[in-house]
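# Inside the fold
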Amino acid sequence: QVQLVESGGGLVQAGGSLRLSCAASGSIFSISTMGWYRQAPGNQRELVAFITSGGRTNYADSVQGRFTISRDNAKNTVYLQMNSLKPEDTAVYYCNAALARVYEYWGQGTQVTVSS
């Protein structure tokens, strides 16, 4: 059973920074595409960023240039560095581990609140 545990969320003022972490159990981490998604109240869950097993990254337009996703395969951990935060970044952030058409796992989510 794979478990994803997020941490690092909290309350921050607009313009501030937070770093989210997601620690994965099991042996699948190094071969998985790891992603961060978010869901604000009343909205659908949306992709924020992902990083492939080979290190290729992709970002939503809304966070491009402000957020950075990275991974440490030795620690089975993926990170999301969030800078220049805006109130519209407020959401529950979820970690995702996936291998196309084989498996997909989700973390429990961590709340990020950005005050204006």
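Refer to the structure presented above.
We now turn to the structure provided with this report. Throughout this description, residue numbers start from 1 for each chain and increase along the sequence as written. Where totals are concerned, whole chains, interfaces and linings use all residues; where local detail is concerned, this predicted model gives features only for residues with pLDDT of at least 70, and gives and counts side-chain atom pairs only at 80 or more. Side-chain figures throughout are based on the complete set of non-hydrogen atoms in the structure, without hydrogens or water.

### Here we look at the environment of Leu20
With respect to the helices, strands and loops of the structure, Leu20 is situated in strand β3 (residues 18–24). Note on contacts: a residue pair is in contact if any heavy atoms of the two residues lie within 4.5 Å. In this structure Leu20 touches Ser7, Gly8, Gly9, Trp36, Val78, Tyr79, Leu80, Met82, Tyr93, Thr110 and Val112, once residues within four positions along its chain are discounted. Here a helix means four or more residues in a row that DSSP labels H or I, a strand means two or more in a row labelled E, and each is numbered from the N terminus.

### Some remarks on the state of the cysteines
Disulfides are defined as cysteine sulfur pairs within 2.5 Å. Going through the model one piece at a time under the given rule, you end up with 1 disulfide. One disulfide in the model links Cys22 with Cys95; its S-S distance is 2.1 Å. Taking the sign of the torsion about the S-S bond as the criterion, the disulfide between Cys22 and Cys95, at about -80°, is left-handed. Of this pair, Cys22 sits in strand β3 while Cys95 sits in strand β9 (residues 91–99), and the two are 73 residues apart along the sequence. Summarising the burial analysis for this pair, Cys22 and Cys95 share the class buried. Working definition: with a 1.4 Å probe on protein chains only, accessible area under 20% of the residue-type maximum means buried, over 50% means exposed, and in between means partly exposed.

### Some remarks on the pattern of salt bridges
By salt bridge we mean one thing: a side-chain nitrogen of Lys or Arg within 4 Å of a carboxyl oxygen of Asp or Glu. As enumerated under the stated definition, the model contains 3 salt bridges in all. A salt bridge links Glu46 to Arg38; its shortest N-O distance comes to 2.7 Å. Taking the relative accessible area as the measure of exposure, Glu46 reaches 36% and is therefore partly exposed. Residue classification places Arg38 among the buried residues on the basis of a relative accessible area of 6%. Asp89 is the salt-bridge partner of Arg38, the closest N and O atoms lying 2.9 Å from each other. Here Arg38 is found in strand β4 (residues 33–39), whereas its partner Asp89 is found in the loop between β8 (77–82) and β9, with 51 residues between them in sequence. Note on accessibility: Arg38 and Asp89 belong to one class, buried.

### A look at the packing of aromatic side chains
Centre distance within 6.5 Å is the pairing criterion for rings of Phe, Tyr and Trp, where only the six-membered ring of Trp is used; planes under 30 degrees apart are then read as stacked, over 60 as edge-to-face, and the remainder as tilted. Using the criterion set out here, one finds 2 aromatic pairs in the structure. Taking the centre distance of 4.9 Å and the plane angle of 65° together, the rings of Tyr37 and Trp106 count as edge-to-face. Taken as a pair, Tyr37 in strand β4 and Trp106 in strand β10 (residues 103–106) lie far apart in primary sequence, 69 residues in all. Judged by relative accessible area, Trp106 falls into the partly exposed class, the value being 34%. Centroid distance Tyr103 to Tyr105: 5.5 Å. Interplanar angle 35°. Geometry classified as tilted. Here the guanidinium or amino end of Arg45 rests over the ring plane of Tyr94, the centre of that ring lying 3.7 Å away. Lysine and arginine charges are scored as sitting over a ring when NZ or CZ, respectively, is within 6 Å of the ring centre and within 35 degrees of the ring normal.

### What to know about the environment of Ser27
Examined against the element boundaries, Ser27 turns out to sit in the loop between β3 and β4. Ser27 sits 39 residues away from Arg66 along the chain, and the two C-alpha atoms are 31 Å apart.

### Quick word on the sheet that holds β8
Only strands joined by at least two bridges in the DSSP assignment are considered to pair. Pairing within the open sheet is antiparallel, and its 4 strands lie in the order β1-β3-β8-β7. Each end of this open sheet is capped by a strand with a single partner; those strands are β1 (4–7) and β7 (67–72). Along the sheet, successive strands turn relative to each other by an average axial angle of 15°, direction set aside. As judged from the 6 bridges shared by β7 and β8, these two strands associate in the antiparallel manner. In the strand pairing of β8, Ile69 is matched with Leu80. In this analysis an axis means a line fitted to C-alpha atoms, helices contributing only their contacting stretch, and an angle means the value between N-to-C directions, from 0 to 180 degrees.

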